[in-house]
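What follows is the residue order along each chain.
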Amino acid sequence: PGQRKQEFSEFVSKRAKEEREERLRHLAEAREAFRRMLETSSLTARSTYRDAETLLKDDARWRDLDRGGREEELRFFLQKLGDQEREVNMNVRHDA
């Protein structure tokens, strides 16, 4: 009887680990799809979360992430856009 309990406990632990890994894998895929969606959008470095929501809310990739995940990814994306714009502006001024 003790061995059956141990086997069941091992099964439950293994299954929980697999489910956790699957959730993490799905989240990583959703974040990557969200990033690709942002890159093909018309957002600028001055865009806000509300701008992005208005533009992208009907896309399934927008809905696949919770608000916290969307805000975090959008913040990184807009920061990267701003850095790129500043670099382009500095190069234009430097070349002029």
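Counting restarts for each chain: residues are numbered from 1 in the order of the written sequence. The predicted origin of the model limits local features to residues at a pLDDT of at least 70 and limits the giving and counting of side-chain atom pairs to 80 or more, whereas totals for whole chains, interfaces and linings rest on all residues. Only hydrogens and water are removed before side-chain values are computed, so all heavy atoms of the structure are retained for them.

### Section: the overall build of the protein
- From N to C terminus, the protein includes four helices and zero strands.
- Elements are defined by DSSP. Helices are runs of H or I of four residues or more, strands are runs of E of two residues or more, and each kind is numbered from the N terminus. Starting at the N terminus and walking to the C terminus, you meet the elements of the protein as α-α-α-α.
- The dimensions of the protein, computed from C-alpha atoms along their principal axes, are 80 × 30 × 15 Å.
- Going through the 96 residues of the protein one by one, you find that 23% of them count as buried.
- Any two residues whose heavy atoms approach within 4.5 Å at even a single point are treated as in contact. Of the contacts made within the protein by residues no fewer than 6 positions apart, 61% connect residues no fewer than 24 positions apart.
- Carbon and sulfur atoms form 50% of the exposed surface of the protein, whose accessible area is close to 7800 Å². Exposed residues in this analysis have more than 50% of their type's maximum accessible area, buried residues have under 20%, and partly exposed residues fall in between, with area computed by a 1.4 Å probe over protein chains only. Computed with a 1.4 Å probe, the accessible areas rest on the Shrake-Rupley method; for each residue, only the protein chains presented here act as cover.

### Looking at helix H2 (residues 49-56)
- Of the positions making up H2, those classed as buried are Tyr 49, Ala 52 and Leu 56. The arc enclosing the buried residues of H2, seen along the axis, measures out at 65°, which places them on a common side. When the buried face of H2 is taken as reference, the exposed residues oriented beyond 90 degrees from it are Arg 50 and Thr 54. Summarising the geometry, the arc corresponds to the directions from the helix axis toward the C-beta atoms.

### A few points about the nonpolar core
- By nonpolar core we mean a set of buried residues, namely Ala, Val, Leu, Ile, Met, Phe, Trp, Tyr and Cys, connected to one another through side-chain atoms within 4.5 Å. Core analysis: the biggest nonpolar cluster contains 14 residues, and Leu 38, Leu 43, Leu 56, Trp 62, Leu 74 and Phe 77 have the highest contact counts within it.
- Elements with a contribution of two residues or more to this core: helix H1 (2-39), H2 and helix H4 (67-95).
- The residues contacting Leu 43, other than those within four sequence positions of it, are Leu 38, Asp 51, Ala 52, Leu 55, Leu 56, Leu 74, Phe 77 and Leu 81.

### What to know about the environment of Ala 33
- Mapped onto the elements of the fold, Ala 33 is located in helix H1.
- Looking at Ala 33, the relative accessible area reads 15%, which means it is buried.
- C-alpha separation for the pair Ala 33 and Ala 60, spaced 27 residues apart in sequence, amounts to 9.7 Å.

### Brief notes about the side chain of Glu 73
- Topologically, Glu 73 is positioned in helix H4.
- Relative accessible area serves as the criterion here: at 6%, Glu 73 is assigned to the buried category.
- Within the structure, Glu 73 has its side chain in polar contact with the side chain of Arg 31 (distance 2.6 Å).
- Once you skip the residues sitting within four places of it in the chain, Glu 73 turns out to touch Arg 31, Phe 34, Arg 35, Leu 38 and Leu 65. By the criterion applied in these results, polar contacts are pairs of N or O atoms within 3.5 Å in which, for protein atoms, one can donate a hydrogen and the other can accept it, and in which residues neighboring in sequence qualify only through two side-chain atoms.

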